[in-house]
Amino acid sequence: MPPTPPRKPSILSREEVARSQLFTIERLDLRFSNGAERTFERLKGGGHGAVMIVAMPDPDHVLLIREYAAGFDDYALTLPKGLVDPGEDIITAANRELMEECGMGARNIEPLVELSLAPNYMNHRMHVLLASDLYEKRLPGDEPEPLVVETHSFNELPALLAREDFHEARAIAALFIAREKLRSDRDQNDWW
């Protein structure tokens, strides 16, 4: 039986420290259950969440995009992704992002998992979805330049990890989670 976690800390004060078009930085003064007090800063999320899509043109391959990553000032290979617009559910948002970034739609989209990144510093969550039965359809997106779309085999995951341009942790986790789900589905179907 796992130990009982302590009570969540009490928020003594909350202050917005800075705001940009994308981020709000918030300072929290906290008191923990043992009486210790600390100040934390976090990126406060807004909006309606985000989606990342593992899009499969066939049972053994996945679509990756090459896009400019401002944080690294270089191009990175990753999965298609984007924000959920107001009024959209995650399935609709995933299909729209897939059409905008890859020029493909999906007849089948299945939620896989929800991931966070640096939960000590931000409350952003990414919904990972598996898309299959793809068809050609392009929607205009908000990208400043056309994205390069590449097809890679799930068998290439170790080689992808060795590349300098493939390093986004959420994309890596999403591919391994999708691969394991697909293997599990195939094993169950073989069993029957």
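Residues numbered from 1 in each chain as written. Predicted model: local features only at pLDDT ≥ 70, side-chain atom pairs only at ≥ 80, totals over all residues. Heavy atoms only, no water.

Going by what an unreviewed UniProt entry lists, the chain is known as ADP-ribose diphosphatase and is assigned to Modicisalibacter xianhensis. As its UniProt record puts it under Cofactor (unreviewed entry), the chain is described as follows: "Mg(2+)". (UniProt positions renumbered as here; feature names shortened; annotations may be inferred.)

*Asks:* With reference to specific residues and values, describe the overall build of the chain.
*Replies:* What the chain contains, in helices and strands, is three helices and 10 strands. Order of helices (α) and strands (β) in the chain, N terminus to C terminus: β-β-β-β-β-β-β-α-β-β-β-α-α. Projecting the C-alpha coordinates of the chain onto the three principal axes gives extents of approximately 55 × 45 × 35 Å. Counting all 192 residues of the chain, 36% fall into the buried class. Restricting the contact set of the chain to residue pairs at least 6 apart, pairs at least 24 apart contribute 58%. (Helix = DSSP H or I, 4+ residues; strand = E, 2+ residues; numbered from the N terminus. Buried < 20%, exposed > 50% of the residue type's maximum accessible area, 1.4 Å probe, protein only. Contact = heavy atoms within 4.5 Å.)

*Asks:* For the sheet that holds strand β9 (residues 125-136), give the residues involved together with the corresponding values.
*Replies:* What the four strands build is an open sheet, ordered β7-β4-β9-β8; its pairing is mixed. Either end of the sheet is taken by a strand with one partner, and the two such strands are β7 (81-83) and β8 (104-116). Ignoring strand direction, the axes of neighbouring strands in this sheet form an average angle of 25°. One ladder, built from six bridges, connects strand β4 (residues 50-55) with β9; its direction is parallel. Of the residues in β9, the one forming a bridge with Val51 is His127. Docked against the sheet, helix α1 (residues 90-102) engages β4, β7, β8 and β9, running at close to 115° with respect to β8. (Pairing = 2+ DSSP bridges. Axes fitted to C-alpha atoms, helices over the stretch in contact; angles between N-to-C directions.)

*Asks:* Residues and numbers for the side chain of Asn95, please.
*Replies:* On the secondary structure map, Asn95 appears in helix α1. For Asn95, a relative accessible area of 15% gives the class buried. Polar side-chain contacts of Asn95 include one of 2.8 Å to the backbone nitrogen of Ala106. (Polar contact = N/O pair within 3.5 Å; in protein donor to acceptor, adjacent residues only side chain to side chain.)

*Asks:* Can you break down the sheet that holds strand β3 (residues 37-44) residue by residue, with the values?
*Replies:* Here we have three strands laid out as an open sheet, ordered β1-β2-β3, and antiparallel in their pairing. Looking at which strands have only one partner, the edges of the open sheet turn out to be β1 (10-19) and β3. In this sheet, adjacent strand axes meet at a mean angle of 20° when their direction is disregarded. Of the strand pairs in this sheet, β1 and strand β2 (residues 24-31) are connected by eight bridges, and their pairing is antiparallel. Its bridge partner lying in β2, Ala18 is registered against Ile25.

*Asks:* Would you mind going over α1 in detail, with residue names and values included?
*Replies:* End to end, α1 covers 17 Å across 13 residues, agreeing with the expected 18 Å (1.5 Å per residue, within 8%). Among the 13 residues that make up α1, 10 are buried, leaving the element largely enclosed by the rest of the structure. Inspection of α1 places Ala93, Ala94, Asn95, Arg96, Glu97, Leu98, Met99, Glu100, Glu101 and Cys102 among the buried residues, and these make up the whole buried set. Of the surrounding elements, those touching the buried residues of α1 are β4, β5 (61-69), β7, β8, β9 and β10 (148-153). Positive phi appears at Gly103, one or two residues downstream of α1, with a value of about 70°. (Expected span 1.5 Å × (residues − 1).)

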